[in-house]
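# Report on the structure
What follows is each chain in one-letter form.
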Amino acid sequence: MVSCQGFLEKRPEDFLSPANYYETETHLNTALNGVYSTLTKGGLYANHMLGRMGLDADEGYNLYNSDLNTVSDYNVVTTDSKILAYWVALYEGINNANVLLANIDRPIMDENKREQIRGETLFLRAYYYLMLVSRFGDVPLILNPAPSASPEHVQIPRTPAHEVYEQILQDMEASSHLVPDIVEIGHGGRVSKSAVWGIMARVCLYMAGEPINDVTKYEQARNWAEKVITSGYHKLNASFSQVFINYAQDLYDIQESIWEVEFWGNGSGLYPSNAGMVGRNNGIGNTQDESIGYAVGVLRGTRWLFELYGSGDTRRDWTMAPFRYVGNPGVQTNWASSAIYNRYCGKWRRIHELVSPRLAARTPQNYPLLRYSDVLLMYAEADNYVNNGPSALAYEYINQVRRRGYGKPIDSSDPDFDTSVDLADLDQDGFLKELQNERSRELAFECLRKSDLVRWGIFIKRMKEVMDDAMNTASTTQAKTYYTNASERDVIWPIPSYELGINKKLVPTPGW
Amino acid sequence: MHSIAILKIAAKVRFLPTLYPHLLRIMKLNVVILLFSCLTVSANGLAQKVTIEGRYLSIEKVIHSIEKQTGYVFFYDYSMLDKAKPVSVHIQGASLDVALKECFKDQPFTYERIGKTIVVKLKGSLAPETKEKENLMLREASEQEGIEVKGIISDIEGNKPLYGATVSVKNSTITVIADKNGKFTLKNVDRNATLLVSFIGYEIKEVPVNNQTNIQIQLKLAEEELEELVIGYGTVAKKDLTGSVGIVNVDDIKKAPVASFDQALAGRIAGVQVSSNDGQPGEGMNIVIRGGNSLTQDNSPLYVIDGFPIEDPFNEAINMNDIASINVLKDASSTAIYGSRGANGVVIIETKQGKAGKATVSYDGFVGLLHVNNRMEMMDPYEFVKYQLEFSPESMTTFYLTNPGRELEDYRGVKGIDWQDLLLRVASTQSHSLSLSGGSAQTRFSVSGSIFDQEGVIRNSGYQRYQARTSLNHTFNKKVKIGTNLNYSRDLNYGRMASSIEGNNQSSSALMYQTWGYRPVTVAGDDADLIDEPFDEETGDPYRINPVLSVDNEIRKRHRSNVIAKGFIDYEIIKGLTLNIRGGINYRMIKDEAFYNSRTGRGYPSPNNLRGINGSLDQQEMLDWVNENTLKYKTRFGRYHSFDALVGFTLQERNSSRFGYDAVQVPNEELGLSGMDDGTAGAIRSNIGGNSLVSYLNRINYNYRSKYLVTATFRADGSSKFSRANRWGYFPSGAVAWRFSREDFMKDVPFISEGKLRASYGMTGNNRIGDFDRFPGLAMPYSAYYSNQNSTPLVGIIVNSFGNQDLKWESTEQIDFGLDLGLMKNRINLEVDVYRKNTNDLLLRANVPRSSGFQYIYKNIGRVRNEGIEFTLNTVNVKTKKFSWESNFNIAFNRNSVLALAEGEEHILSRVSWSGDYNNSFLYLTEIGGAAAVFYGYEWDGVYRYEDFEDGQLKPDIPTNGNDRDIIQPGDIRYKDMNGDGTVNEEDMVSIGRTLPVHIGGFNNNFHYKGFSLNVFFQWSYGNNIFNANRLLLEGNSVHRQQLNQFKSYIDRWSPENPDSDMFRTRGGGPRGRYSSRTVEDGSFLRLKTVSLAYSMPKRVVDVLKVNMLDVYMSAQNLFTWTNYSGMDPEVSVRNSPLTPGFDYSAYPRARTVTVGLRTNF
């Protein structure tokens, strides 16, 4: 039988195994790419999150036949495939991060480089948990690869949301000491100290609001935002629209765009899944003229958002394009002034893309995960809470955002500096209200709104307000359906039916 | 060329019996042959036609004349000829029967044809002097000592000398062998001695000498002895069988006009469930023996083709006409010799070898037509438009009414497009098979070839096969025999896979869905546009692909080549001890080609089509080799103890590879596949795998007088699929059998002609997992790449499989009790088997929570039991000279139950992939105590009625259907709230129907009347349900797709005008992605599976054509099906696996086949 041992010893030749990988610095970097690639999954930023999962809440709604009666129009069921895809993509990313972290100390390599990889991985894992906990509530918290296939190692119960948040903060803080400054990286595609601090501010605000209500986190939020602001690396881009043209053209502006998802190419050839649908899903509808770039245009704004902008605010017509393309060649044709609900999201315009040809199915546009204006607004919001009213700095930061929106110089040292659009003399609530609105004016359609409404505890109120308006003024049935469908239970998504079936330690989310 | 045989016989007892068996007994009782002349009459080449003319001919002369002309031999007592009358006849070219009738009409004799013999006897009682004569002779003979006995040994018909038969004198050493004329001479034999006469294949006979010096001995064919069954690593006489083995009547299955034997196997053997997923041409069959052991792994049996074990053969590679026998080993004692791979049963196929003698050419061919006679009834244009108006009142009113300026009534009576008629066709099939075989006593050969061509009933689909085979056997000398066998086949299966779906479009990419759901009417009123355009331009919906055009333009081909080459050498080392060395290779190649131009669903330039016009090529190769070395020893102790033993050592290895690439955005579509190089490179695939198996085996048989039989086997297997610690599996078995019919006391029970009790127990295994499933895997798909600073994406690696080094053999223990009973001289044969199989350590591809980062992990968990009872009844219902009716009936009951799952788990849920949100719902539940896979979902409860509402709101005590309470309306689907909490959610899902049949079986009938033979075969399945998923989309449109036609049955939906309907209102289907009992249907069916009518041309025609036989026949397959199932066909399982059976979605329709054919050999 001894001679048989050799004959029976067959080893896989066509795939790698963890046992024989993670041996070099290159291996770790390759694994880190794998962890990053989660962001480009169709279930996340490449496709579904772009106007197809109701994340835009009162800012805009979904108008897309393929999405009828799904989470896209708040017809949420526990079997919804987009919700499951979201869950699956994130947990696969978390597992990839866990396996990398478990093997990270194996290669002999430069310790600084190792620690940077550790920092990026810890942060990404924490960010994926943030995406889960903010949209599902209590979720299984898994920080190590499963040691065996036995049920106790793979059937993990839900961890209370506040504990998940604590873990997120802890990992992100650890990460903040390990990753480099953004100027060292030189672009927004990788995790930098600025990105970690800025996202930590976001985490703290989520914890401070519903449903965790840990108000002590406001101060921490302000501190983390402050670290970004005082780093000296960041400044608002003078042109609001240029921020988004930069994403379309693969140009980096690390002063404004702190962290973004890297999409690449037009979807042809070997890397179809490295390109995304930014501008295709959430662009200005054009289904005929390929030279402009095909866009389904699933995302349309609401009259509420439209009317939020003051006159002279350049952000309005960039955010909700006043035109669509008609015919081939596509002619920019303005909407009737009454057709507010028809306006497409205009932040992501394919016409600016440089990659050619502009194919119908995918786009190269990057997508922002953290912009500097968000950090400024987070500071202002936290500060308003901590000080029981806005401080001078809070005003300064929100007004920087506003000035840029109105096309005014931001910097007081600028000779044309102009404070005519500045906010002033607001009490704490008044400031909060303006801040909430300002977040929409500035950050509309950037996948932030629903979470903001939820943490402020005004999600259903806002949805029903828009519903009332849509019932009276919207010309599309789908605008009405979207806001009518939204209900109390929609503040979070249900745990997917699939997961409930397999993991008996999970309990269904109340209400589903 | 022949001599006249005149037998003058004196019998001790009443002479010349009326029945053949009685005659035999008389022979045994010392028939004295007074006169004998050489009996080497051959019927070959002799005409059956008789011509006798003359007046006053002696009967003797007439007899001689008939013998001369026909080769028949008359058997009569000379003395009685005195009583004969002269014959005056005028017979020209009459049949033997007519001639005999004519010649004997006035004679005091009766006659009877027995084989090639015509026995003539006196009407009425015998003449008394016969007995006196005999006594006189006996007296004369007894006066001598040590007589010389001469004799001749022939078969019972007396026309075949048994060359090589052994004659020995009992209790002495004297033994002689009969010469080529069957003659022997024994000198100096005691006049009272007894001769023992034996010959292979014949019953041993004891013949007392009793002073005879010239003995004619006829040996009876040992019918049961002849039925040597090929089992694992050897053969066994059927009577000595200890295990449970199903024998396929190969002649019967050949009557089915199908491409391969497995397609004709359903219902033939008790306990062997054979089904196909749907009617797709060229797709394989699912064969499950005695219930599935594994839950997620393949349950198909091991195939052993001419001794070569193959787990997944191309059954289509074997020409049905080359098959000599198919035996199905069912119990553990039979299968344990195949150890690790025997747990699912073993199908043993032997192909034909050449026979010594004149070379024979055979031809069998048929041509025929296939068609589908049923259709799903769809809504007509009026009903369709009416439904659309309800579905989207605003947009559809504009679309169908306002814009064209019409009323709904205008659509009434409009003839819609029947898309089913456009897609389906009457297809043709043909098959031709030609063989040449023959050889000498030393060397035998066989060469054959076949062509099979079958169009599918869906346009542009079908199956073709070319196959050739040679076999050569040579006997060097008494000790050494060699043989080779080479089979080559090449087949092609082409056309759209009707039930398959592609990633993004999901359910809407399935062919039958597209066909059923396509609009029957346009607004423009020009049907031709809709028929000719690649997609529905009027609606502007790029997902609505014209299925007929698409099918016509698609290229999807699967080419397969298969070479099986085998050789063996047998060496008899010493008497009884034989070494057998066998080797073989099995090389298989699969080449998949696909090309989708701009008029196909996958190549149409739509915004969701990332690939544009695209093509792909994939090539897989598998090379298996096997080497088996066995030593057999066979011996007898004394007269009654027979013993044989087998030891063996085998090696088997497989190497496989798969390479493929895609080309996308192909610019010149007219070039087809050859234009792929102008396109952009797409995905590239490469895989290499392999596994190996080392085995030791042995078996011991002990047989006492064929009365008590014992078998024990043991096999050890080592497989490369398992880690070193878990590599070896050990599989013992044992069986005993008692042929109680050979006991003395059974002599008093004359109606039982054969009786045997069997019992067996054993362990078998299963290693059906991937080559490297135990290794955790990392992968570097392009989707794991990530761009850095807008660089070309950089390689990324992700974890893609968990692996599990602890994986080990799955083992099945089986106990079987069997009873074989032959009644009324084996005219009735009954076989009953009861069994219980317990499968432990199931190799389970277990779903795991997605939060683990994995979808499934391989584990050994749980225990499954299959227990059942099988009955097989073979009867000869009528047997007369002209007419016979034989039937075979079998029925099998199997109960499958899960005894244990992983630690602490009470159930497993499983799902099928076919449509968006449904993919995330579970449709199957496997619970401890229940069967593997029952349908699982919501209990359908009709619809909400008006009385369930108050002020437009659902009453608080009425449960929801999972939708938000506020949006539920009258006419919405309703489900039962099982836990009574007012909300129907995952906690209310229950078992909603069994998937496994209660019993399955078949009923086969063969009728013969003169030259006609009729085969009628029924097959059934009873008690299983089918989930008809077509109805989810096409009877209620639960996915809310606009412009989608519906089944006609949905006309009866709930509406304010039709408030009593149980069928939910338009858009009232409740939350998407929920499976309910609404579409669980009874899948029982009885099918008239095969009918074949053949006519054998009479001798006169055959002779004129100078052939040995010529049959013409008509065969039909799937002629009628009786079922309550509302879909196209109840034999359906388009996502077939042990945990996901009985799912129907867009199945390829099953065709009815009618053929005419011809068989001959010369």
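Residues numbered from 1 in each chain as written. Chains lettered and ligands numbered in written order. Predicted model: local features only at pLDDT ≥ 70, side-chain atom pairs only at ≥ 80, totals over all residues. Heavy atoms only, no water.

For chain A, the count of helices and strands is 19 helices and 6 strands. Taking 2.2 N^0.38 as the reference for a compact globule, 512 residues should give roughly 24 Å; the C-alpha atoms of chain A span a radius of gyration of 23 Å, in line with that estimate. The C-alpha extent of chain A, read off along each of the three principal axes, is 85 × 50 × 45 Å. Within chain A, contacts between residues separated by at least 24 positions form 71% of all contacts whose residues are at least 6 apart in sequence. In the form shown here, chain A has an accessible surface area of approximately 16600 Å², with 50% of it arising from carbon and sulfur atoms. Computed over 49 positive and 63 negative side-chain charges, the inter-centroid distance for chain A is 5 Å. (Helix = DSSP H or I, 4+ residues; strand = E, 2+ residues; numbered from the N terminus. Rg over C-alpha atoms; globule rule 2.2 N^0.38 Å. Contact = heavy atoms within 4.5 Å. Areas by Shrake-Rupley, 256 points an atom, 1.4 Å probe, with all protein chains shown as cover. Lys, Arg positive; Asp, Glu negative; His and termini not counted. Charge placed at Lys NZ, Arg CZ, Asp CG, Glu CD.)

Residues and elements named next belong to chain B. The grouping of D526, D529, D532 and E537 at the surface amounts to a negative patch. Locating D526 in the fold gives a position in the loop between α11 (511-517) and α12 (527-532). D526 sits in the partly exposed class, given a relative accessible area of 35%. (Patch = residues over 30% accessible without salt bridge, like charges linked within 9 Å, V, L, I, M, F, W, Y side chains within 5 Å. Salt bridge = Lys/Arg side-chain N within 4 Å of Asp/Glu carboxyl O. Buried < 20%, exposed > 50% of the residue type's maximum accessible area, 1.4 Å probe, protein only.)

What follows concerns the sheet that holds strand β59 (residues 1143-1144) of chain B. Residues and elements named next belong to chain B. Pairing within the open sheet is mixed, and its 3 strands lie in the order β56-β55-β59. Only two strands of the sheet have a single partner each, and these edge strands are β56 (1080-1082) and β59. Two strands pair when backbone bridges link them, and strand β55 (residues 1025-1028) and β56 are joined in this way by 3 bridges, in the antiparallel orientation. Each residue of the ladder has a partner; that of F1027, found in β56, is V1080. (Pairing = 2+ DSSP bridges.)

When the parts of a complex come together, some accessible area is lost, and that lost area is often used as the size of the interface. If you look at the interface, chain A gives 94 residues, while chain B gives 94 residues. Linking chain A to chain B there are 5 salt bridges. For the salt bridge of K10(A) with E653(B), the shortest nitrogen-to-oxygen distance reads 2.5 Å. Linking chain A with chain B are 29 residue pairs in polar contact (both at pLDDT 80 or more). Here the element with the most residues in the side of chain A that touches chain B is helix α3 (residues 81-103) of chain A; it accounts for 9 residues. Among the residues making up the side of chain A that touches chain B, the classes are represented as 44 nonpolar, 32 polar and 18 charged. (Polar contact = N/O pair within 3.5 Å; in protein donor to acceptor, adjacent residues only side chain to side chain. Nonpolar A, V, L, I, M, F, W, Y, C, P; charged D, E, K, R; others polar.)

Below, the discussion takes up the sheet that holds strand β11 (residues 183-189) of chain B. Residue and element names in this part refer to chain B. Ordered in space as β11-β8-β14, the 3 strands form an open sheet in which the pairing is mixed. Single-partner strands in this sheet number two, and they are β11 and β14 (214-219). Direction aside, neighbouring strands of the sheet carry axes that sit 30° apart on average. Bridge count between strand β8 (residues 147-155) and β11: 5 bridges; the pairing is antiparallel. In the sheet register, I147 faces β11, and the bridge partner there is V189. (Axes fitted to C-alpha atoms, helices over the stretch in contact; angles between N-to-C directions.)

Next up on the list: the pattern of salt bridges. Tallied over the full model, the rule gives 100 salt bridges over all chains. Of the charged contacts in the structure, one is a salt bridge between E9(A) and R724(B), with a shortest N-O distance of 3.1 Å. With one member in each of two chains, E9(A) in the loop between α1 (2-8) and α2 (25-36) and R724(B) in the loop between β34 (708-719) and β35 (728-738) form a pair that bridges those chains. Judged by relative accessible area, E9(A) falls into the partly exposed class, the value being 28%. Residue R724(B) is classed as exposed on the basis of its relative accessible area of 51%.

A cis amide bond, omega -10°, links E210(A) with the succeeding residue P211(A). Locating P211(A) in the fold gives a position in the loop between α8 (193-208) and α9 (217-230). Residue P357(A) is reached from S356(A) by a cis peptide bond, and omega for that bond is -5°. With respect to the helices and strands, P357(A) occurs in the loop between β5 (331-334) and β6 (367-371). One non-glycine residue, Y22(A), lies in positive phi territory at about 55°. Taking the relative accessible area as the measure of exposure, Y22(A) reaches 2% and is therefore buried. You will see that S706(B), though not glycine, has its phi angle at about 55°, which is positive. Following the sequence through the fold, S706(B) ends up in the loop between β33 (680-704) and β34.

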